[in-house]
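Survey of secondary and tertiary structure
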Amino acid sequence: MSKNSRDQNAFDKAALDYHRQEPKGKIEVIPSKPHSSQRDLSLAYSPGVAVPCMAIHDDPQSVYEYTSKGNLVAVISNGTAVLGLGDIGPEASKPVMEGKGLLFKIFAGINVFDIEINEKDPDKFIETVKAIAPTFGGINLEDIKAPEAFYIEQRLKEELDIPLMHDDQHGTAIISAAALINALEIAGKKIDEVKMVINGAGAAAIACAKLYISLGLDAKNILMCDSKGVINHKRENLTPEKLDFIAETEISTLEDALKGSDVFVGLSKGNVMSPEMLLSMAENPIVFALANPDPEISYDLAVATREDVMMATGRSDYPNQVNNVLGFPYIFRGALDVQAKGINEAMKLAAVYALAEIAKEPVPEMVKLAYNVRDISFGKDYFIPKPFDNRLITKVSIAVAKAAMESGIAGKSIENFQEYENQLLDRMGRDEKLVRMMQNRAKANPKRVTLGNGEEYNILKAAQILQEEGIAYPSLLGSKRLIKEKMEEYGITLDIPIIDPNDDANKEARKKYRKTLWDKRNRKGINEYKSKRYVRQRDYFGPLMLEHGDTDALIVGFSKSYASVLKPILEIIDKKPGVNKVAAMMMILTDKKPLFFADTSINKNPTAEDLVEIARMAEYTVKSFAIEPRLAMLGFENFSAKADTSKKVAAAVKILHEKYPKMIVDGEIQPDFALNSDHLADYPFSKLGTNPANVLVFPNLESANLSYKIIRGMKAAQTIGPILMGLDQSVHVLQMRSSVDEIVNLATIAVLDAQTKEKK
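Here's what I pulled together on the structure shown here.

What counts, and where the lines are drawn
- Residues numbered from 1 in each chain as written.
- Predicted model: local features only at pLDDT ≥ 70, side-chain atom pairs only at ≥ 80, totals over all residues.
- Heavy atoms only, no water.
- 1 Å grid on protein atoms, 1.4 Å probe; cavity = no way out; pocket = protein on both sides within 12 Å on 5 of 7 lines; lining within 4 Å.
- Points joined across faces, edges and corners; volume = space filled by probe spheres on them.
- Nonpolar A, V, L, I, M, F, W, Y, C, P; charged D, E, K, R; others polar.
- Helix = DSSP H or I, 4+ residues; strand = E, 2+ residues; numbered from the N terminus.
- Polar contact = N/O pair within 3.5 Å; in protein donor to acceptor, adjacent residues only side chain to side chain.
- Contact = heavy atoms within 4.5 Å.
- Buried < 20%, exposed > 50% of the residue type's maximum accessible area, 1.4 Å probe, protein only.
- Pairing = 2+ DSSP bridges.
- Right-handed = clockwise from strand over helix to strand, strands pointing away.
- Core = buried A, V, L, I, M, F, W, Y, C linked by side-chain atoms within 4.5 Å.

Further remarks concern empty space enclosed by the protein. Across all of its chains, the model carries 3 cavities of 30 Å³ or more by this definition. Its volume calculated, the largest cavity comes out at about 70 Å³. Class assignment of the residues belonging to the lining of the largest cavity gives a composition of 4 nonpolar, 4 polar and 3 charged.

Dropping the structure here:
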C-alpha cells in the first residue's frame, strides 16, 4: 500500500472516530435558563409558560422577546448535491448539515437545528420548509442541486418573512466578490472594463456572475462555460438560468475564451486550466481557482507560470482563501439581530464591501500570530481577510444590520452601534478561536516534541494527531518493545522515532547524558553510580535529551505525580536568566474567553516577592498568545488587607504598581469581583477599571490547584496545562491521565514555547 493510501486510510478512520465518539453528533441542545428548583420548572413550563404564550398570541412579534427564535437558524437540505459527493440522500447529508451548524455556533454564536428533508419534488420541499418556518429566525438552504435550487430559493424568499439564503450560491458569490474588488484594485484594473471567464454554470457560478454585475461588471464581458464549453448563441436546450449568459460569440472552448481575458473564476473541477491557458491571459491576470480540493490550476503551478498572477483558491494552505465561513455566520448574525424580513441585495453588497475593507486595514496582532507571520498587509498575497480574523463578527454583522435597516427590511432598529459591537464581542468572546490560532502557529514552524509514557493509548493517539495535523514532529519515549506491542494492540500505525533509554542504540547518548547529570548534580546528592542508573530512567533521559538539543520540547507526566516528574526537570533544565522561581499556569477555556490561573502546581506558599515574579511571568506568557493580560491578585478580601494572606497580596501589588506602572494589575480582590464588571465598578480606583481580569494570581498553591481541579472535574470548561513558566527550555508536565485533547493542546503550547526560545 502506498504512503498516500495509508495516509488517506488513517484520515478516514480518524474522521469516523471523531464522529463516533460520545456524545454522538457535532451539536447539542442545552438548557439556557435556571432549572434546578420546582419554581424554575413552573416558570419554564406549566403554568408559567402560558403567560408568554398569550403575550405572543396578542403580539406575534414578541416571539423574538420570549423565545429562542431570534437566534435560531435551520440548516435545511434534501441531500441532492452534498459537497462533491452528489445526490447521496438526506440521511447521508446529516454530518455536513451538523458541521454547518457547528460553524454557525463557533463563529457567530448562532444556534442551529439541522433538518434533512426526504423530498426531491421542489414544490413539496417548499411546502415542508414553509410549514416549519415559524420555528426559526432564519433559514440556510444547503446542498440542493441546480436548477431546482434556484426555484426553491426564489419561491421561499417571496413567501417567507425571515432571512433565507442558499449559501452554496450566495456565500461563494459574496466572498469572491470582495476578493474581486481588491484584486482589481491591486492589478490596476476597472471592473467595468475587464473581460471575465467563468468556468462552471451551476448555482454558485450564476450567483457569482449576477453579484459581479451588480458591482459594475459589464455582462457583455462575461464568457460562461459549462461542461459543453462556452454558453454562446449556438447552444440549445439551455436551462432558464443559463439563458441570461448567452454570449454573441463564435468562441466555444475554455482555451479560446481565456485568450486576452483579465479574470478567471473557476467553479467547476480540478486541473482544467493549463499553464498555456494562463499564459494566454492579459497582463496581471486574476485567477480564482475555487474547485475543492483540487483547484482548476494549482497555486504553485500558477505562480510558477506567471509572476504577475493574482491568485485565490478555496484551500486554507495557500494565500487568499475564498471560504464561505467568512460570510454566512456574520450575514445571518446581522440579519437576525435586526429581525430582518429577508436577505436582500443591499445586505449582500454590504457584506461584500465590509469584507473588502477589512483586508485593507492594519492586521491585528492576533491574526499575525494565528498564521505565524511577522507581517500581513494588503497586496497580492492578502486581498481577502483570514477566517480567524476576529473583526469579522463586528464589521460584517454591523454592515449587514445597517443595510437591512436602511433598505427598510429590518423588523427592529439598533439605536447604539457601539453598544451592539460590544454585545457581539461579549457574545463570542474576543479569543474564542485561541486553540485554532495556536495550532496554526505551530503548524507554520513545527518542532520536535518528545512524549513520555509512549506506551499509553492517549499518548499514542495524541502523537498520531500531532503528526497528521502537522503541529509537531512527535517522538515517543519509553520501552520500544512495549510501545510497539501497544501500537499493534490499539491499531495505531505511526512512523515516528521511539526513544528507549535502555536501547543499545542510545549507548553513546547515555554516556553523554551521564556526564551532564554528574556535572550538574555532583555536589547535590548524586554520585557517579546514581548518574549511570538515572540516565536509564525516562524521567531523567527526557530532560537530558532536551538539555542536549536532541529534542525541541518535552511532554511528560501522564502516569506519575506532578512532583515526582518535576524533580528531575528542575535538576537538569536551567531557569531563564533573572528567574528565581519556576511557576505553572493553567489556561481555562470558558464559553466567552480564556482565563489563566497561576501558580497552580509548584509554589506552596509564595512570598510577596514570589507573587510579583509569578505575576510577571504570567503577564509575559499571556502576551505570547496575543491577549492583553489583566491580572487580579486574589485574596478573600477586597482591598482591605486585614488578614495575613491579604497583607501579603497587597504587598505584592504595591511592588508591581511601583516597579511596573504600565502593568494592568490590582488586588487583593475576590475572584467573583475580579471577573464582574458591575462589581469592579464599586472600586473606581482599581487599575482594572470595569474590564474584568483574565489572569488570576492565587495567594497559595492550595487555592489555585483546587480551583482548577474543580473546574476540570466538573468539565465546566476545557483546561490546558499546567504551562511551566521560567525555564530555559520547552518542557511541560501533564496532569495525570490527561485526555487526548489535553495532551495535543499542551504539546501545541510546547511547540510555540520552543519557537519563542529558538528566536531568542
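On we go from here.
Another aspect to go through is the side chain of Ser176. By secondary structure assignment, the location of Ser176 is in helix α8 (residues 167-187). Within the local environment of Ser176, its side chain forms a polar contact with the backbone oxygen of Thr172, the two atoms lying 2.7 Å apart. The contact partners of Ser176, leaving out residues within four places of it in the chain, are Cys208, Tyr212, Phe288, Leu290 and Val322.

Neither face of strand β5 (residues 196-199) is left uncovered, since the one carrying Met196 and Ile198 and the one carrying Val197 and Asn199 both have all their residues buried. Pairing geometry for β5 and strand β6 (residues 222-226), over 4 bridges, is parallel. Each bridged residue has a counterpart across the sheet, and for Ile198 the counterpart in β6 is Met224. Handedness of the β5-helix α9 (residues 203-215)-β6 crossover: right-handed. As paired elements, β5 and strand β8 (residues 263-266) share 4 bridges and run parallel to each other. Across the sheet, Val197 pairs through a bridge with Phe264, a residue of β8.

A few words on the nonpolar core. Ranked by internal contacts, the top residues of the largest apolar core, which has 87 residues, are Ile174, Phe288, Met347 and Val396. The contacts of Met347, once residues within four sequence positions are left out, are Ala335, Ala340, Gly342, Val400, Ala403, Ala404 and Ile409.

Next up on the list: unusual backbone geometry. The step from Ser46 to Pro47 runs through a cis peptide bond, and the omega angle for that step is 5°. Assignment of secondary structure puts Pro47 in the loop between α2 (38-44) and α3 (50-58). Residue Glu668 is bonded to the preceding Gly667 through a cis peptide linkage, with omega at 0°. Topologically, Glu668 is positioned in strand β18 (residues 665-669). Backbone geometry places Asp143, a non-glycine residue, at a positive phi of 55°. Relative to the elements of secondary structure, Asp143 occurs in the loop between β3 (138-141) and α7 (148-159). Positive phi is not limited to glycine here, since Phe639 has a value of about 55°. Mapped onto the secondary structure, Phe639 falls in the loop between β17 (631-634) and α27 (644-659). You can call Phe639 partly exposed: its relative accessible area is 22%.

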